[in-house]
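Geometric and topological summary
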Amino acid sequence: MVQLAGVQVHVSDTALGGESDAVQLIVDAHYAHQAEWIAFTPEQLGDEFFELQSGLAGAITQKFVMYQMGLAVVGDISDRVAASKPLADWVRESNRGHNLLFAKDLDELGERLQDRQ
């Protein structure tokens, strides 16, 4: 658990395999740590998450929205973004929204959270 810009962020050490994993992690982070956001590395999310046509990213993101928990992807995804215009568009739009953020590291995530306040 870290506090960034006054926000409790649970830095997950668990891979996120699907929607049911997401719900369990959200509940655990909220009740055990009073987290407002959960941060995952791209590796914890897996390749399928970044293949937007799979629908996994949308399904997982929807769970976070439903449970009012922020989802942060923390790590370098520049190669993936460069290879996919739809992914690049999604990352850009997500970083303008309120529920999903992409950041290269925790410092950048803290800056993005600060900008929202």
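Note that the structure is a prediction, hence the values are computed from the model and not measured.

Looking now at the overall build of the protein chain. The helix and strand inventory of the protein chain stands at 7 helices and 5 strands. In the protein chain, the succession of α and β elements from N to C terminus is β-β-α-β-α-α-α-β-α-α-β-α. Against the 2.2 N^0.38 benchmark of 13 Å for 117 residues, the protein chain shows a C-alpha radius of gyration of 13 Å, consistent with a compact globule. Its C-alpha atoms give the protein chain principal-axis dimensions of about 35 × 30 × 20 Å. Relative to its full complement of 117 residues, the protein chain shows a buried share of 42%.

The next thing to look at is the environment of P86. Relative to the helices and strands, P86 resides in helix 6 (residues 85-94). You can call P86 exposed: its relative accessible area is 52%. Counting along the chain gives 34 residues from P86 to L52, while the straight-line C-alpha distance between them is 7.7 Å.

Our next topic: the UniProt feature "domain: DUF4180" (unreviewed entry) in the protein chain. Within this structure's numbering, the places UniProt gives as "domain: DUF4180" (unreviewed entry) are residues 8-113. Annotation note: span residues 8-113, helix share 55%, strand share 16%, distance between end C-alpha atoms 11 Å.

Moving on: a negative patch on the surface. A surface patch of like charges, here negative, comprises D105, D107, E111 and D115. Topologically, D115 is positioned in helix 7 (residues 106-115). Judged by relative accessible area, D115 falls into the exposed class, the value being 65%.

Scoring rules and cut-offs
- Residues numbered from 1 in each chain as written.
- Predicted model: local features only at pLDDT ≥ 70, side-chain atom pairs only at ≥ 80, totals over all residues.
- Heavy atoms only, no water.
- Helix = DSSP H or I, 4+ residues; strand = E, 2+ residues; numbered from the N terminus.
- Rg over C-alpha atoms; globule rule 2.2 N^0.38 Å.
- Buried < 20%, exposed > 50% of the residue type's maximum accessible area, 1.4 Å probe, protein only.
- UniProt positions renumbered as here; feature names shortened; annotations may be inferred.
- Patch = residues over 30% accessible without salt bridge, like charges linked within 9 Å, V, L, I, M, F, W, Y side chains within 5 Å.
- Areas by Shrake-Rupley, 256 points an atom, 1.4 Å probe, with all protein chains shown as cover.
- Salt bridge = Lys/Arg side-chain N within 4 Å of Asp/Glu carboxyl O.
- Lys, Arg positive; Asp, Glu negative; His and termini not counted.
- Charge placed at Lys NZ, Arg CZ, Asp CG, Glu CD.

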